[in-house]
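# Results of the structural survey
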Number of protein chains: 4
Amino acid sequence: MFAEIKGLNEECGVFGIWGHPEAAQVAYYGLHSLQHRGQEGAGIVTTDGEKLSCVKGLGLASEVFANGKLNEITGKAAIGHVRYATAGGGGYENVQPLLFRSNNGGLALAHNGNLVNANQLKQQLESQGSIFQTTSDTEVLAHLIRRSGYQDLKDGIKNALTMLKGAYAFLIMTETEMLVALDPNGLRPLSIGLLGDAYVIASETCAFDVIGAKYERDVEPGELLIINDEGIRSERFTMNTNRAICSMEYIYFSRPDSNIDGVNVHSARKRLGKIMHEEAPIEADIVTGVPDSSISAAIGYAEASGIPYELGLIKNRYVGRTFIQPSQALREQGVKMKLSAVRGVVEGKRVVMVDDSIVRGTTSRRIVKMLRDAGATEVHVRISSPPMKNPCFYGIDISTHEELIASNHSIEEIREIIGADSLEFLSVEGLLKGVGLPHEGENRGQCLACFTGQYPTEIYADTVLPHEKA
Amino acid sequence: MFAEIKGLNEECGVFGIWGHPEAAQVAYYGLHSLQHRGQEGAGIVTTDGEKLSCVKGLGLASEVFANGKLNEITGKAAIGHVRYATAGGGGYENVQPLLFRSNNGGLALAHNGNLVNANQLKQQLESQGSIFQTTSDTEVLAHLIRRSGYQDLKDGIKNALTMLKGAYAFLIMTETEMLVALDPNGLRPLSIGLLGDAYVIASETCAFDVIGAKYERDVEPGELLIINDEGIRSERFTMNTNRAICSMEYIYFSRPDSNIDGVNVHSARKRLGKIMHEEAPIEADIVTGVPDSSISAAIGYAEASGIPYELGLIKNRYVGRTFIQPSQALREQGVKMKLSAVRGVVEGKRVVMVDDSIVRGTTSRRIVKMLRDAGATEVHVRISSPPMKNPCFYGIDISTHEELIASNHSIEEIREIIGADSLEFLSVEGLLKGVGLPHEGENRGQCLACFTGQYPTEIYADTVLPHEKA
Amino acid sequence: MFAEIKGLNEECGVFGIWGHPEAAQVAYYGLHSLQHRGQEGAGIVTTDGEKLSCVKGLGLASEVFANGKLNEITGKAAIGHVRYATAGGGGYENVQPLLFRSNNGGLALAHNGNLVNANQLKQQLESQGSIFQTTSDTEVLAHLIRRSGYQDLKDGIKNALTMLKGAYAFLIMTETEMLVALDPNGLRPLSIGLLGDAYVIASETCAFDVIGAKYERDVEPGELLIINDEGIRSERFTMNTNRAICSMEYIYFSRPDSNIDGVNVHSARKRLGKIMHEEAPIEADIVTGVPDSSISAAIGYAEASGIPYELGLIKNRYVGRTFIQPSQALREQGVKMKLSAVRGVVEGKRVVMVDDSIVRGTTSRRIVKMLRDAGATEVHVRISSPPMKNPCFYGIDISTHEELIASNHSIEEIREIIGADSLEFLSVEGLLKGVGLPHEGENRGQCLACFTGQYPTEIYADTVLPHEKA
Amino acid sequence: MFAEIKGLNEECGVFGIWGHPEAAQVAYYGLHSLQHRGQEGAGIVTTDGEKLSCVKGLGLASEVFANGKLNEITGKAAIGHVRYATAGGGGYENVQPLLFRSNNGGLALAHNGNLVNANQLKQQLESQGSIFQTTSDTEVLAHLIRRSGYQDLKDGIKNALTMLKGAYAFLIMTETEMLVALDPNGLRPLSIGLLGDAYVIASETCAFDVIGAKYERDVEPGELLIINDEGIRSERFTMNTNRAICSMEYIYFSRPDSNIDGVNVHSARKRLGKIMHEEAPIEADIVTGVPDSSISAAIGYAEASGIPYELGLIKNRYVGRTFIQPSQALREQGVKMKLSAVRGVVEGKRVVMVDDSIVRGTTSRRIVKMLRDAGATEVHVRISSPPMKNPCFYGIDISTHEELIASNHSIEEIREIIGADSLEFLSVEGLLKGVGLPHEGENRGQCLACFTGQYPTEIYADTVLPHEKA
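Keep in mind it's a predicted model, so treat the numbers as computed, not measured.

## Overview of the interface of chain A and chain B
With 54 residues of chain A at the contact, the number on the chain B side is 53 residues. Secondary-structure elements contributing two or more residues to the side of chain A that touches chain B are helix 2 (23-33), helix 3 (61-64), helix 7 (206-211), helix 9 (265-279), helix 10 (295-305), helix 11 (328-333), strand 19 (339-341) and helix 12 (343-346) of chain A. Broken down by class, the residue content of the side of chain A that touches chain B amounts to 25 nonpolar, 19 polar and ten charged.

## Some remarks on the relation of the copies chain D and chain C
Mapping chain D onto chain C calls for a screw motion: a turn of 180 degrees about the axis and a shift of 0.0 Å along it, with 0.0 Å RMSD after fitting. Given the turn and translation reported, the copies of this chain are related as if by a two-fold rotation axis. With an isologous cut-off of 70% or more, the 100% of interface residues of chain D that recur at the interface of chain C puts this contact in the isologous class.

## Digging into the UniProt feature "binding site: Mg(2+)" (unreviewed entry) in chain A
Residues and elements named next belong to chain A. In the numbering used here, UniProt assigns the feature "binding site: Mg(2+)" (unreviewed entry) to Ser 293, Asp 355 and Asp 356. Sequence-wise these annotated residues cover 64 residues; spatially they are packed, their C-alpha atoms never more than 8.0 Å apart. By secondary structure assignment, the location of Asp 355 is in strand 20 (residues 350-355). Residues within four places of Asp 355 in sequence aside, it is in contact with Val 290, Ser 294, Ser 364, Val 381 and Ile 383. Of note, Asp 356 is situated in the loop between strand 20 and helix 13 (362-373). Judged by local crowding, Asp 356 falls into the buried class, with 27 C-beta atoms found within 10 Å. Not counting residues within four places of it along the chain, the set of residues in contact with Asp 356 comprises Ile 251, Tyr 252, Ser 293, Ser 294, Ala 297, Ile 383, Ser 384 and Ser 385.

## Topic: the sheet that holds strand 21 (residues 378-383) of chain A
All names here are of chain A. Strand order in the open sheet formed by four strands is 17-20-21-22, and the pairing between neighbours is parallel. The open sheet has two free edges, formed respectively by strand 17 (286-289) and strand 22 (422-425), since each of these has just one partner strand. Across this sheet, the average inter-strand angle for adjacent strands is 20 degrees, counted without regard to direction. In this structure, strand 17 lies alongside strand 20, joined through four bridges in parallel fashion. By the bridge assignment for strand 20, Val 287 is matched with Val 352. Contacts between helix 10 and the sheet are confined to strand 17, strand 20 and strand 21, with strand 17 contributing the most and set at about 165 degrees to the helix.

## Considerations on the interface of chain D and chain C
Contacts between the two partners involve 53 residues from chain D and, on the opposite side, 54 residues from chain C. Counting residues per element, the ones that place at least two in the side of chain D that touches chain C are helix 2 (23-33), helix 3 (61-64), helix 7 (206-211), helix 9 (265-279), helix 10 (295-305), helix 11 (328-333) and helix 12 (343-346) of chain D. Here the side of chain D that touches chain C gets six residues from one element, more than from any other, and that element is helix 2 of chain D. A class-by-class count of the residues in the side of chain D that touches chain C yields 25 nonpolar, 19 polar and nine charged.

What counts, and at which threshold
Residues numbered from 1 in each chain as written. Chains lettered and ligands numbered in written order. Predicted model: local features only at pLDDT ≥ 70, side-chain atom pairs only at ≥ 80, totals over all residues. Contact = placed C-beta atoms within 7 Å. Helix = DSSP H or I, 4+ residues; strand = E, 2+ residues; numbered from the N terminus. Nonpolar A, V, L, I, M, F, W, Y, C, P; charged D, E, K, R; others polar. Least-squares fit on C-alpha atoms with pLDDT ≥ 70 in both. UniProt positions renumbered as here; feature names shortened; annotations may be inferred. Buried ≥ 20, exposed ≤ 12 C-beta atoms within 10 Å, placed from the backbone. Pairing = 2+ DSSP bridges. Axes fitted to C-alpha atoms, helices over the stretch in contact; angles between N-to-C directions.

What follows is the structure, encoded as structure tokens:
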């Protein structure tokens, strides 16, 4: 996946289903289709109406649930989670769903996003005697609910949610119901579907296609859904909402076959490529994209420009957990790992290399060099998003200002650093137009914080960046 | 990979290197880039000039050589092999290289291809008291060499090779030299490269790009290379040669970034798509390819037709060994596994679906149905190769006549079976023109046997099809 | 181990060390020697003075810490735990030491014993908003400490301990100190040793022999030890103590090479065998013991009686986790698993079979039958402990009244059920005399509750038996 | 097991069964009971009358056949093998049974022993063109059979066996029969039993007890048994026989519950201990044995002397493959691993330490030191076998002359080296009398070669010692 190449990560995908005899199995296929959102760990909690059962573990869903593990969790409903790969911390404790058992029943939580006031809340709760067993900000919600004092879980959750700031898409399950909540800015994607009579919730609509479910609608900012054997009920935990879906979901996180707010991701990417060509045309022999996430934009650029799209870069599909890193000596001799340039295609050609973003610039420099080593006479880099200048506090592992090359360098400087003949980024207007959604808005709108620095929520002094977590 | 989807398999990839201090490591990266040619098993044998060392096992190269196994095989030269996934037989014994030790030294063999007279030779050898420990036809060569009586290994090998019929690309290694042989028809690809001073041999040139080696030339039909510390020497074990490289290597086996006989595979596929459009144009809204092997042809078709290329089908990258198959009930409800159609792209559209071949027709039917279920109003199937009517005896796991749908049905019948609105295959002339090589020839030429039934070698009554092996 | 054969289990062993450069390694060998006390899971937490590090997992210590895991936990001090095998529940969460992190530091707990008021305390804590993540009663202590409100950890612990009822030997570690506590009845064994300058704590003294440490003394009931870089300090959290060490530790739990309260376990067992002979002599040809725990008593019986000790029963050492259970058909044909009778020794002989206890009687019946099938003409069973009539609430997995055969049957009835020619149990007086300790006492004394029904602590209505835990 | 402690190993155990519906399962339990004879690898080959099926692998039987592997090999008959742990060589290829497939059927071989002319035969066969794929001498027999030219397998085997020199107990199986052969000296144990109507063959009779089979008789030197659906037939491949069962089988290899030539191993060991006392009495406080193999002899010594038997040394049962070796520093601080002395028993005592043999002397020295460190005031070592002065060529991994301490030192010198207060070995006469069998003989007799240097077979210049194999 792209993330592995660029060091740009996103946290997690969630999936829930209520009212299906093979709930765990369906959740498994759903998580499988969301696997690109996280490969560190996976888990499913089910309910049979009387008790919660859980299987989780480190690794891919197909590994975690292998060896008949799925058969250990039967029931009519399930929530599941895939977790993204942290730099080395993490560990089993943080694999979700988190499951809390007590004398009056269990509570399972699956979360996609990042709370900007998690630290504050945690300190407060600890000073009142709470014990945290994970370093996940998700656990904060469980403690807030337990301490809310409300008789009714729904009210406890509503109350707790009003204390949270930041980005979150929560799935919560007890023995008898499933609750779904999306933050007031709707920063993370979350959709509702129907599989026969069963309600399905997923981070991306690609999960619906895979399990054969019908897409109904996206969950709305500030909405709390209560799903149980009686059906589905929509409530609000706040009316103070402003939709700002993360634009990076379109640019590269989401699977190209997903739709968010009615916009197909692949089509959006092709449009970004097309507008990129309008904004920054260049004379060249071939267009190529950095696999996998930039292929759509590259095809868009190619179609718009009339320059043929070619397979100038290829990714090795078999680079997994056990892949052995080459020694320094071999690296210097030119051993490639995940990505290599295709000499037969590139040699003697002027190449437009389309990529979706530049974070530190090191990967871009490496790819440009690869293309030149393979014989490209010119390499023109086109980035299908604006320069990324600001860290993200909402779940995407975008580093601090210091590490973001566009935060400290002009485009010309970056061009020189990565060794390209020319370099152009998409404009913010081009992004808005290509995706086809305005910048924030009551019902539809994008978060552009990493490009513009305008954060849709309050940011706290002790806010923890996703990549700083243990 | 394509093979997993279509049940069309090829046997194995080979890699060899002589004269590099980290020979095993380089071989590992080479095999890694050839992993698409076989995922069942992998092995490397090295020599340090005095003894042969071996690590092999079932699974992907990255699994087999994990946990420091690579460090167990040091030396200046190595041969390696990746083996394709059989239906269930196979097992550890057949993982290559095969290593035979005796009092006067060891002999390691790695083989890509299929011998058509293996059964005859095996019976003969057994009747003379030889014991076979594998069901691999590769072992036949070892026995023939040992029984040849020649003092000089090279002469023994030459003599033995003249008894073999069929397709083979052999790497043979002793403590002190590496020998390379290609069958008189050059049915399987095999190329020579240079990595600094080290000689490199690989089934596909993509391995050279990955390790940073320079491509030199393809091994010629009937050629025997002897490589040792003195250098490389080319001899002939027969002058009766006729080049007939397997055309399916271009159509779908090889990695798109490889070149065979100077022809880049991706470019050849784009040309096949382009010619397909010339031969069978159609009015439609989008062109889509069946991933991964048909993407290039689909882009070629799209560029030639002016119809936009879209991502109408998507493949899940995380389907590995441990993937859990859905229950029949879930399957009927529409749970997809490896491939799914993208509703957001396909809905309400007339789709040209480009695929590279049709074997039994079941996969095509399934994909056409997927597209329709996702809302395609018309599905026009374009196959970038001619109808496959004859089994392959040279290493590709193409079934018997009975199982090949094109062997028993007209194109119109096939169209009806797969449920397409229209169906067209590429012509044989189109294939020759698209690849850019003639049908057989002294130095350059393609084997078209599976399309035309003209086999470049004798076929025996007891010839074993690759998929019939234990 | 015995437990596997008889379904009689004990919970856990603990080990701690402060002031050693290879603390984790030493803890590993210590736990290894305590492995007979629990095979379900193992864990070690270390401190380097600034942070706590943890490795734990399911399985034997040698499995959990394999693959270089020990190197991940460096530091000058460590506490460790081995956990006993529950019927199937348990799971990773309950593996100890439990580690709780908070903003003002971490807290690791390792516990051997069973709290009789854990349920009460847990309900109370949950009603105040605490969230429990394990089903271990150990976690109760952590919550009590965090909620105690004391500035000083030591005071918080003292306060929390006064709320606990039951049996416990606790090791508690923060970044800067290790605390050790034993319940007011000293129901579980716990000893102090010295390894050079390092303080060592272990459930059994055999751990000292293995690591080369010098035994100092046993921890006293009601004692709280505080160990840090300044040294060791002994305090009391209660003066209301009454020593009642579990007599089953002598009878079968502890390793024969351990000493408890100055009494060597093997020697005590030999004395029990000797007294058994005095109380219930019999004319016979050989004496044999049920391995492993009854061998010492059998030798004692043999020496006292002059009847030769023979190896009439043998245990297969290689029965591990992956052992495959025989089918019912094979079982009926007589396939033995862990234990078999030695025909060459037993045939035609009158056998005294010495065992240490009878729980349900099923194992005894099976062994008597084995001996008869192997040709024993008479089988006289001698049990080196009194009839077990009452459940244990202090950590030993002795079932409810219904399941204890001696609770519902006379000795003559039991004899008939197990099919012995004669059956005798040791008297309570014989037990006291053989072990050499009185029944309870200020400093030295045994708990005889399972034999006499006199429990040294209050028992609550909702007290959970160890084997009822999840 | 003892072998792990002393570096004295034996090769392998074999098990066969014909005529049982769950042949593989029974073989598994049989191999399990023979596991002490080899822990490196295990395998089973079955026949259902038409084809041979095989499962084998590295590790313990319970590991190799875990995960349902046993269900892959169904049939009415089976042969199995457990292989002993070599120093590091070995590997999968050498795990037995070896299975050779050919066009006219399969041949499976399982072997216990060592051929003294394997090298000669192998060179001869290789010069005739045979290819060896293992370094096992077992493979020689397969080649000899295949090359024998006999129509009838039985005749081919008889012919082949006459060419073999050394020690061997062979199980051979085809689709339709099982053949059993023992070398003319009967150096290795092999017995016949009956399980209902099924014939059972095993290296030791303990396997019969475990599966509930009835012992019939021992296989005779020079005997060839042919077992098939018609029944069992006994033939001879030579009349020139002289029974010389390895006396080390009694002294320590075999399980104490096995009988060999009608002699129970435990009883023999007790007699050796008793005679040891007669030959070398000593005044002392306790007798202790080195676990596990010397316990019986120690009890014999104790009973004869009237000195109480005590548990002065204890072995940790949980030392398995994954056990982590202590660092040098910890070792010097006194960390014990497998064996430790029991201070509570030994302190202040004069100890008779009974062991079964001394090879290099290093282990003895270590144990004597342990006892002294634990407070023993005197340590008197009594060895229940004569000094071992000569290497074994028949399958026991007894080192060359140089490594055998008794080959180069007087008893007084050895005493000094191991640091004992006194040291005595059993006399050869004592050994003969204790076991109760003469030195060699037509039907009953022992091999004493390692004590006396009189080898019952010819020894060749190029004979390979078991521990020199790859």
